[in-house]
Amino acid sequence: LPLFDVVICSEVIQHVIFDDNLIYKIWHYLKPGGTLFLATRGGDYYPNLGHVHSYTTAGLHNMLTVQGFLVKENTSVESALMIRAIKVETGEAVK
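Treat the numbers as computed from the prediction; the structure is a model and nothing was measured. (Residues numbered from 1 in each chain as written. Predicted model: local features only at pLDDT ≥ 70, side-chain atom pairs only at ≥ 80, totals over all residues. Heavy atoms only, no water.)

Read across the sheet, 4 strands follow the order S1-S2-S4-S3 without closing on themselves; strand pairing throughout is mixed. Each edge of the sheet is formed by a strand with only one pairing partner; in this case those strands are strand S1 (4-10) and strand S3 (69-77). Sheet twist, expressed as the average angle between the axes of neighbouring strands with direction ignored, equals 10 degrees. The pairing of strand S2 (residues 30-41) with strand S4 (residues 80-87) spans 7 bridges and is antiparallel. Paired with Ala39 across the two strands is Met82, which belongs to S4. With respect to the sheet, helix H1 (residues 19-29) is in contact with S1, S2, S3 and S4, its orientation differing from that of S2 by roughly 145 degrees. (Pairing = 2+ DSSP bridges. Helix = DSSP H or I, 4+ residues; strand = E, 2+ residues; numbered from the N terminus. Axes fitted to C-alpha atoms, helices over the stretch in contact; angles between N-to-C directions. Contact = heavy atoms within 4.5 Å.)

Right, dumping it as structure tokens:
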């Protein structure tokens, strides 16, 4: 598999039914120490726009940590949530 230093996932995750699987796949395509930039709408849920999930900063933080990421930064601007997370090896995320 090709491995990447950075993955940008912007305004996608809220449209994906198996969102935890998306994060799992991203983790596997990142190099160790690689960075994920994730952006989505926070709190707003628009099924007519194809949204199947609604997120909070805490919910995304938990999902990323469980999948092996260390959240380094999160920002909320109006209804947008933006998170920067680093891929870590199993067990490192809880340090």
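Turning next to helix H2 (residues 57-66). Residues spaced three or four apart along an α-helix point in a common direction, a consequence of the helix completing one turn every 3.6 residues. Within the sequence span of H2, burial applies to Leu60, Met63 and Leu64. An end-on view of H2 places all buried positions within 95 degrees of arc, on one side of the element. Exposed and facing more than 90 degrees away from the buried side of H2 are Ala58 and Val66. Against the buried residues of H2 lie H1, S2, S3 and S4. Following H2 by one or two positions, Gly68 has its phi on the positive side, about 100 degrees. (Buried < 20%, exposed > 50% of the residue type's maximum accessible area, 1.4 Å probe, protein only. Arc of directions from axis to C-beta.)

With that settled, the discussion passes to the pattern of salt bridges. For the coordinates displayed, the defined rule picks out 2 salt bridges. Asp5 is the salt-bridge partner of Lys31, the closest N and O atoms lying 3.4 Å from each other. Highlighted residues: Lys31 in strand S2 and Asp5 in strand S1, separated in sequence by 26 residues. Of the charged contacts, one joins Glu73 and Arg84 as a salt bridge, the two residues approaching to 3.1 Å between their closest N and O atoms. Note that Glu73 is positioned in strand S3 and Arg84 in strand S4, a separation of 11 residues in sequence. Note on Glu73: relative accessible area 42%, which makes it partly exposed. (Salt bridge = Lys/Arg side-chain N within 4 Å of Asp/Glu carboxyl O.)

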